[in-house]
Amino acid sequence: MFKLISKTLAAVAMVSVALFGSANAKTLKIETHFTASSPNGEVAAQFAKNVEKFSGGSLKIEMFYSSSVTGKSAEVFNSAQTGIIDCDMTGAGYQTGKNAAFQFAGDVMGGYDNPYQQYEFLNYPGAQEAVDALYNKYGMTLIGWWIPGHESLISSRPIPDVASLKDFKFRSPPGMESMIFTTLGAKPIVMDFGEVPTALQTGLIDGADYSSLATNYAGGHYEQNKYATYPGFHSMPADHLACNTKVWNKLKPHEQGAMKAAIEIAGRTITSLVERKNAEAVKALNEMGVTLHDWSREDRLKFRQAALAAWEEWKTKSPEAAALIEIHKAYMKANGIM
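Residues numbered from 1 in each chain as written. Predicted model: local features only at pLDDT ≥ 70, side-chain atom pairs only at ≥ 80, totals over all residues. Heavy atoms only, no water.

1. Some words on the overall build of the protein
Stage number 1. Summing up its helical and strand segments, the protein has 12 helices and 11 strands in all.
Stage number 2. Relative to a compact globule of 338 residues, whose C-alpha radius of gyration would be 20 Å, the protein shows 20 Å and is just as compact.
Stage number 3. Referenced to the eigenvectors of the C-alpha coordinate spread, the extents of the protein come out at roughly 60 × 40 × 35 Å.
Stage number 4. The proportion of buried residues among the 338 residues of the protein is 56%.
Stage number 5. Considering only intrachain contacts with a sequence separation of at least 6, the fraction spanning at least 24 residues in the protein is 77%.
Stage number 6. Accessible surface, the protein as shown: approximately 14000 Å² in total, 53% of it carbon and sulfur.
Stage number 7. Measuring between centres, the 32 positive side-chain charges of the protein sit 3 Å from its 34 negative side-chain charges. (Helix = DSSP H or I, 4+ residues; strand = E, 2+ residues; numbered from the N terminus. Rg over C-alpha atoms; globule rule 2.2 N^0.38 Å. Buried < 20%, exposed > 50% of the residue type's maximum accessible area, 1.4 Å probe, protein only. Contact = heavy atoms within 4.5 Å. Areas by Shrake-Rupley, 256 points an atom, 1.4 Å probe, with all protein chains shown as cover. Lys, Arg positive; Asp, Glu negative; His and termini not counted. Charge placed at Lys NZ, Arg CZ, Asp CG, Glu CD.)

2. Some points on the sheet that holds strand β2 (residues 59-64)
Stage number 1. Spatial strand order, β2-β1-β3-β10-β4: 5 strands in an open sheet with mixed pairing. Every other strand in the sheet has two partners, leaving β2 and β4 (140-146) as the edge strands with one partner each. Here the average twist between neighbouring strands, direction ignored, is 25°.
Stage number 2. Summarising the sheet, strand β3 (residues 87-89) and strand β10 (residues 239-244) pair through 2 bridges and their orientation is antiparallel. Among the inter-strand pairings, Asp88 is bridged to a residue of β10, identified as Ala242. (Pairing = 2+ DSSP bridges. Axes fitted to C-alpha atoms, helices over the stretch in contact; angles between N-to-C directions.)

3. A word on the nonpolar core
Stage number 1. Among the nonpolar cores identified, the biggest contains 106 residues, and Phe47, Tyr135, Trp146, Leu241 and Met259 are the most heavily contacted of them.
Stage number 2. Broken down by element, this core gets its largest block of residues, 13 residues, from helix α10 (residues 253-288). (Core = buried A, V, L, I, M, F, W, Y, C linked by side-chain atoms within 4.5 Å.)

4. Let's talk about the state of the cysteines
Stage number 1. Scanning the entire structure with this criterion turns up 1 disulfide.
Stage number 2. At a sulfur-sulfur separation of 2.1 Å, the disulfide partner of Cys87 is Cys243. Its torsion about the S-S bond being 100°, the disulfide of Cys87 and Cys243 is classed as right-handed. One end of the pair, Cys87, is in strand β3; the other, Cys243, is in strand β10, with 156 residues separating them in the sequence. (Disulfide = S-S within 2.5 Å.)

5. Description of the pattern of salt bridges
Stage number 1. Counted under the stated rule, the structure contains 13 salt bridges.
Stage number 2. Between Arg276 and Glu280 there is a salt bridge; the shortest N-O distance is 3.4 Å. One end of the pair is Arg276 and the other is Glu280, both in helix α10 and 4 residues apart, which spans about a single turn.
Stage number 3. Look at Arg276 and you get partly exposed, because its relative accessible area is 44%.
Stage number 4. Of the charged contacts, one joins Glu326 and Lys315 as a salt bridge, the two residues approaching to 2.7 Å between their closest N and O atoms. Here Lys315 lies in the loop between α11 (297-314) and α12 (319-334) and Glu326 lies in helix α12, a separation of 11 residues in the sequence.
Stage number 5. On the basis of relative accessible area, Glu326 is assigned to the partly exposed category, the value being 36%.
Stage number 6. The network of salt bridges with shared partners includes Glu312, Lys315, Glu326 and Lys329. (Salt bridge = Lys/Arg side-chain N within 4 Å of Asp/Glu carboxyl O.)

6. A look at the packing of aromatic side chains
Stage number 1. The final tally for this structure, using the stated rule, is 14 aromatic pairs.
Stage number 2. With a centroid separation of 4.3 Å and an interplanar angle of 25°, the aromatic rings of Phe233 and Trp295 are classed as stacked. Of this pair, Phe233 sits in the loop between β9 (227-229) and β10 while Trp295 sits in the loop between β11 (291-293) and α11, and the two are 62 residues apart along the sequence.
Stage number 3. Residue Phe233 is classed as buried on the basis of its relative accessible area, which comes to 9%. (Phe/Tyr/Trp six-rings, centres within 6.5 Å; stacked < 30°, edge-to-face > 60°.)

Okay, structure coming up:
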């Protein structure tokens, strides 16, 4: 398990409020696609409080939820890049249209077994440098990841195995996922995060890749759709905190440390919270008559093989993608994940 309390966090803990008063406090505007009432939104709110606390009051955060500034999850990065807001708290997977490498700075499809393996990836030789080079190319700086855990599919029809994916019409995020599921016979439809609830309610789609089992349950998505995959296996997106590089470079060292420490704590918090919430959701969904499909080892391996084939094709899309994929593979092999 990676070291959640880092040297940065220890250093920040030594900064006193007396040294950094709030008289000349700066305010950063950060936008996320999560709703304020969701578990992720609550963690984001605590992140904002921690930044102010750790900076001794010299840095404040103004959070904008539900993509309320840009209107679309995929546009939040652009808003930060162009200076409309200061930082993006969505995910790299939305930016694969800019550079295919963002897929492997966000959702390593068919890759990691748990969030802790992916957090630790950034400590592998060359990994942080490769990710930094990618973000910096677009005028942005990655501050950190927070990874809720594996997602669970929502479905109105049984999906117990790979064969059941044939003609499965479901919401898919942009990027590699659509490619993988198409090769397995499904019919992915790319739509924005915010459009999913209505599409499910109206039957426009058979199901959706939306979020964790707990978040799906909290949103009421299993009331009409009585099937889910759990434990998840296909997708474990890393939400990121990425800031406009010019804005980031203007922050004082202790303010940068406060941001890094706060996002590190957010990661630890959301991962453990979702694990607990998922366990609670399993009990509730069983009582509701929702069927949870735990795919067999053989079917999970079929999915991973399809994912690895997509990885190889993805390497041809950009030099940055090829470099990141090779580092992921080296790290996974070194640690017995692959």
